[in-house]
Amino acid sequence: MTSTFSSDAAARKADRKRWWALAALVTSVLVLGFDLTILNVALPTMAAEIGADTGDLQWIVDSYAVLFAACMLPAGMLGDRFGRRRMLAAGLLIFLVGTLIGPFADSPGPVIAARAVMGLGGALIMPLALSVIPSLFEGEERTKAVGAVTAGMALGMPLGPLLGGWLLDHFWWGSIFVLNVPLVAIGLTACLLLIPETRDPATPRVDPVSTALSVLGLGALIFGVIEAPAEGWGDPLVVGTLAGSAVLLALLVVRERRAARPMLDLALLANPGFRWNAVVAVLATFVMAGMLFVLPQYLQAVLGNDAFGTGLRLIPLMAGLLVAARAATPLLRRFGNRVVVGGGMAVFAFALLLGSRTEASDGYGSTALWLSFTGFGLGFAMVPTMDAALGALPKDRAGSGTGLLTTLRQVGGAIGVALLGSLLNSVYTSRIDTSGLPPAAARAAEDSVVAAHAVAERLGAESLARSADAAFVRGMGLSLLVCGVAALVTAAAAAMFLPGTGRQQEEEAEEEAEEEAEEEAERPADARQ
């Protein structure tokens, strides 16, 4: 009796420990969501207080994104070789160091360095936070855990402007870095105490040449697509960077195909479950990133909301995402990934096409409506896709496979922002009416809708503000239309190619097994006759 009681108590304690560990993982990725959006609201203040020019501000934002995406692949393999919990803790520690450097900088250089260090830490945190989940949860619980981690990072993105706006109203610009310190400290402590260590002893040593090719190739690709909207796709620097990226990545593929245990594990793409879920995840991230790039500018510049108000008005998106992520599990059991993910992307496409019809005179009500549908669609698509892709990975490749998946998603998101941002800017520039303005004022107004409003206020030109709003909304509508079409393509790909795992497929498999068993049982009788 005492032994049974003790074993039950130990089981309950272990179960609580798993869920506390999940809370630590959610806390860890929450800060990554913050840092994708929170800095933007502080850029004007930083420009004034630390003397940052436009190029400095661009690099303050971009240094994080470049390091985050470029270091994903070696991060996964490091976790497989040296321990996923250990490398997750290292990532949190590196992120904390960058967070502590930022607030005390008095010039742009240290801030850029701090953001780069944070990007390096983030590259370790995100794939390894997902790769330790299979060691803690199985089956439906794993789906819930992946949903919680995915929602944690997604929740940080709209909360970033919300918290950033509030902090800047009450404290100095460095407070946007300080906000991360307690969250990272909690995640680091819980990671060390609650998460079990897992690794693959057979994982080979990290190849420094492949690592360099990966970091430089992906870094050049991200740099090229980030700079192209501003400099132009024909700019020599952009063309040279993208060409150099293609050469470096081609060399990486050739080298990795010859390796016994490659860092860029292309053999994982031979698994249909991983391959098609990865394709859907990348396309969905491309669409989502493009939408989130366009939408905050509309809410702030055209509708006139501040940073805090913009974050507040993104709540319908998050509410739909969280509700759908919670409801996805029973639907997956009944219908399978193919139906749920395909249907989710179709709802996402419907929402984007509805948003593409927005007019400059529309208020926030119509935006809230299509944002809610957007959240539902994303929740039903992204969480099952990520869970299915992780579930298709061999356990000994969890780190490298998750790193590959996350890298592809980050690159897809960066390309989405670059391409759709370029489309938005070209439409805006071609449609804004700057006739009658001095040349310097006209050039400033054509830079952005925010600049156009500043020029209009200074010159008392209300017609310029109206023209800028109409031009921006037209560009936003075209961008959302492209996103909607891409979402429809993704929905079709999910419906055609994703493996089905619902109750219907399970019942069919059980029936086939029963028929085979009956046939096997009848064979000896037939033989005796």
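Residues numbered from 1 in each chain as written. Predicted model: local features only at pLDDT ≥ 70, side-chain atom pairs only at ≥ 80, totals over all residues. Heavy atoms only, no water.

- Looking up the protein in an unreviewed UniProt entry gives the name MFS transporter, with the organism given as Streptomyces coryli.
- Per its UniProt entry, the protein bears the Subcellular location (unreviewed entry) comment "Cell membrane". (UniProt positions renumbered as here; feature names shortened; annotations may be inferred.)

**Looking at the overall build of the protein**
- Scanning the protein from N- to C-terminus turns up 21 helices and zero strands.
- Burial statistics for the protein: of 529 residues in total, 50% are counted as buried.
- Roughly 23000 Å² of accessible area belongs to the protein as shown, and the carbon and sulfur atoms make up 63% of that amount. (Helix = DSSP H or I, 4+ residues; strand = E, 2+ residues; numbered from the N terminus. Buried < 20%, exposed > 50% of the residue type's maximum accessible area, 1.4 Å probe, protein only. Areas by Shrake-Rupley, 256 points an atom, 1.4 Å probe, with all protein chains shown as cover.)

**Digging into the confidence of the model for the protein**
- Across the protein, the average pLDDT comes to 76, with 83% of residues at or above 70.
- Per-residue pLDDT, averaged within each element of the protein, yields its smallest value for helix H21 (residues 503–528) (48) and its largest for helix H11 (residues 236–257) (89).
- The model gives residues 502–513 a pLDDT under 50, and that stretch makes twelve contacts with residues more than four places away or in other chains.
- Every residue in residues 524–529 scores below 50 in pLDDT, and together they form zero contacts with partners more than four places removed in sequence or on other chains. (pLDDT = per-residue confidence, 0-100. Contact = heavy atoms within 4.5 Å.)

**A closer look at the nonpolar core**
- Grouped together as the largest cluster of nonpolar side chains are 58 residues, with contacts concentrated most on Leu-25, Met-46, Leu-88, Phe-95, Val-111 and Ile-133.
- Two domains each donate at least three residues to this core, and these are domain 1 (15–196) and domain 3 (265–512).
- In this view, Leu-25 contacts Leu-88, Ala-129, Val-132, Ile-133, Leu-136, Val-149 and Ile-195; residues no more than four positions away in its chain are not counted. (Core = buried A, V, L, I, M, F, W, Y, C linked by side-chain atoms within 4.5 Å. Domains from an automatic or database assignment.)

**Considering a nonpolar patch on the surface**
- Judged by side-chain polarity, Trp-166, Phe-171, Trp-172, Val-178, Phe-308, Leu-312 and Ile-315 come together as a nonpolar surface patch covering roughly 660 Å² of accessible area.
- A relative accessible area of 40% places Trp-166 in the partly exposed class. (Patch = residues over 30% accessible without salt bridge, like charges linked within 9 Å, V, L, I, M, F, W, Y side chains within 5 Å. Salt bridge = Lys/Arg side-chain N within 4 Å of Asp/Glu carboxyl O.)

**Re the environment of Asp-35**
- Its place among the elements puts Asp-35 in helix H1 (residues 2–37).
- Owing to a relative accessible area of 4%, Asp-35 belongs among the buried residues under this scheme.
- Expressed as a C-alpha distance, the spacing of Asp-35 and Gly-156, which sit 121 residues apart in the sequence, is 8.0 Å.
- The residues touching Asp-35, leaving out its near neighbours within four places in the chain, are Tyr-64, Phe-95, Arg-115, Met-118 and Asn-180.

**Focus: the packing of aromatic side chains**
- Under the criterion given, the structure shown has three aromatic pairs.
- Residues Phe-350 and Phe-373 carry aromatic rings whose centres are separated by 5.5 Å and whose planes lie at 90° to one another, so their mutual orientation is edge-to-face. Of the two residues, Phe-350 sits in helix H15 (residues 337–355) while Phe-373 sits in helix H16 (residues 364–391), which places them 23 residues apart along the sequence.
- Residue placement shows Arg-313 over the ring face of Tyr-364; its charged tip is 5.7 Å from the ring centre.
- When the ring centre of Phe-335 is taken as origin, the NZ or CZ atom of Arg-334, which lies over that ring, is 5.3 Å away. (Phe/Tyr/Trp six-rings, centres within 6.5 Å; stacked < 30°, edge-to-face > 60°. Lys NZ or Arg CZ within 6 Å of the ring centre and 35° of its normal.)

**Here's the deal with helix H9 (residues 180–194)**
- Compared with an ideal rise of 1.5 Å per residue, which puts 15 residues at 21 Å, H9 spans 21 Å between its outermost C-alpha atoms and is within 8% of the ideal.
- Within the sequence span of H9, burial applies to Asn-180, Leu-183, Val-184, Gly-187, Leu-188, Ala-190 and Cys-191. (Expected span 1.5 Å × (residues − 1).)

**Comments concerning the side chain of Ser-356**
- Tracing the backbone through its elements, the reader meets Ser-356 in the loop between H15 and H16.
- A relative accessible area of 18% means that Ser-356 is categorised as buried.
- In this view, Ser-356 contacts Gly-477, Leu-480 and Leu-481; residues no more than four positions away in its chain are not counted.

**Some thoughts on the packing of H15 against H16**
- At a minimum axis separation of 8 Å, H15 and H16 run at an interaxial angle of 150°. As far as their axial angle goes, H16 and H15 are roughly antiparallel. By crossing handedness, the relation of H15 to H16 is classed as left-handed. Taken together, the residues of H16 that come into contact with H15 (itself represented by Asn-337, Val-340, Val-341, Gly-344, Met-345, Val-347, Phe-348, Phe-350, Ala-351, Leu-352, Leu-354 and Gly-355) are Leu-369, Trp-370, Phe-373, Thr-374, Gly-377, Leu-378, Phe-380, Ala-381, Pro-384, Thr-385 and Ala-388. (Axes fitted to C-alpha atoms, helices over the stretch in contact; angles between N-to-C directions. Parallel < 35°, antiparallel > 145°, perpendicular 65-115°, else oblique. Left-handed = near helix turned anticlockwise from the far one by under 90°.)

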